[in-house]
Amino acid sequence: MNALPSSRLLRRLGLGVLVLGMAVGASGCVFAAPTWKGPPSDHFDGRRFFNLEPREQQMGFMDWMRTRRPGPWKDWHDVPHGPPPPERVGRGGLRVTFINHATVLLQLDGLNILTDPIYSERCSPVSFAGPKRVRPPGIRFEDLPPIDAVVLSHNHYDHMDVATLRRLQEKFPAMRLFAGLGNGAFLEGEGLRQVTEVDWWKEFPLTPEVTLVSARTQHFTNRGMTDSGGTLWTGYVFRGPHGATYFAGDTGWGRQFAEARERYGPMRLAVLPIGAYKPEGFMSPVHISPREAVQASVDLGARHSVPMHYGTFRLADDGETEPLWDLAGALVERGAEAPKWWVLGFGEGRDVPP
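The structure reproduced in this document is the subject of the present report.

What counts and what doesn't
- Residues numbered from 1 in each chain as written.
- Predicted model: local features only at pLDDT ≥ 70, side-chain atom pairs only at ≥ 80, totals over all residues.
- Heavy atoms only, no water.
- Buried < 20%, exposed > 50% of the residue type's maximum accessible area, 1.4 Å probe, protein only.
- Helix = DSSP H or I, 4+ residues; strand = E, 2+ residues; numbered from the N terminus.
- Pairing = 2+ DSSP bridges.
- Axes fitted to C-alpha atoms, helices over the stretch in contact; angles between N-to-C directions.
- Contact = heavy atoms within 4.5 Å.
- Arc of directions from axis to C-beta.

In terms of burial, strand 5 (residues 111–115) is largely enclosed, as five of its five residues are buried. Side chains Leu 111, Ile 113 and Thr 115 of strand 5 all project onto a buried face; the interleaved residues Asn 112 and Leu 114 project onto the opposite face, where all are buried too. As paired strands, strand 4 (residues 103–108) and strand 5 are joined by five bridges and run antiparallel to one another. Within the sheet, the bridge partner assigned to Gln 107 lies in strand 5 and is Asn 112.

Take a look at the structure:
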């Protein structure tokens, strides 16, 4: 059972951990985050979590370094923020607002849910180095509506940004926080409250009508150099009386999309990653390509899909707009059978039909 076949090379690259030769936490020195202590399961061997469908890399790290052709990115986009979202949507309503990277505001049945929020300048354990944002967040922090729940897909710095989480908790003290097994000790150690740890396919009521589900994904975790696989990575499904909404977080390809549909039916909305996928021979075990994202939307039976995880932080070799061009090409190839995708501008929100 190889838990994380590519994590060593990813750590050397700096993707996810982004330690730049050391592991320094946002609030002090940490060499590893606390890890999960629990009984073995079909995805936990008693020490580390592992993927149920591990994929082998087709390219080694040194081969990538010798042959890499990174695409272009601008240093900065001086663009205005989007308009403030509505405070809430009513029963039966569903609205999606793309903020940046994997940060999406989901408003459904009176609830406001924020995914993998990051408002920091860098996704890094240090403030002076590491991937730096190329555009401001699409929605000003001050314009966020009341946040009822934050969901975290995993503990990499571009998805679990402690500084942003603290700001959110200070502004919205009743906010609930959900993360995979093992993340509670780290988050609570950083002063965060009302943390619920989730395991794949377990359900948690948010209201009498809306249920959060932890959905299996294909990825890996670590905050430092010695805690690889010590906490769980996950996506989420939000089940309500008017349909299901899917948020993938980070994920490689697998049968988890079809499995989510089998369990919860076709998705009213799917939010799927399309960036940090090149070179595919190196990245594919943990990041789907735009073409795979299109197939994921088909497997999910999604009536509408929205891309994320692109255009904010340079994390791999795909250029800034390359994921969108590849997404467009994958949809054109499918012709009349193409699923419906909305490419939202940064800060753009849209109401999803029932």
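The rest of the description comes next.
What follows concerns the sheet that holds strand 13 (residues 267–273). The strand order 9-10-11-12-13-14 describes an open sheet built from six strands, whose pairing is mixed. The open sheet terminates on both sides in strands that have one partner only, identified here as strand 9 (203–205) and strand 14 (305–308). Looking at each pair of strands side by side, their axes are set apart by 15 degrees on average, direction ignored. Packing against the sheet, helix 7 (residues 290–300) makes contact with strand 12 (243–247), strand 13 and strand 14, and its axis sits at approximately 155 degrees to strand 13.

Regarding helix 3 (residues 162–171), the residues found buried are Val 162, Thr 164, Leu 165, Leu 168 and Gln 169. Each buried residue of helix 3 lies within a common arc of 160 degrees when the element is viewed along its axis, so the set occupies one face. Packed against the buried residues of helix 3 are strand 5, strand 6 (149–151), strand 7 (176–180) and helix 4 (184–189).

We now examine the sheet that holds strand 5. As summarised here, the arrangement of the seven strands in space is 8-7-6-5-4-3-15, forming an open sheet in which the pairing is mixed. At either end of the open sheet lies a strand with only one pairing partner, and these are strand 8 (195–198) and strand 15 (349–351). Ignoring strand direction, the axes of neighbouring strands in this sheet form an average angle of 20 degrees. Pairing analysis gives three bridges linking strand 6 to strand 7, with the strands arranged parallel. What sits directly across from Val 151, in strand 7, is Phe 178.

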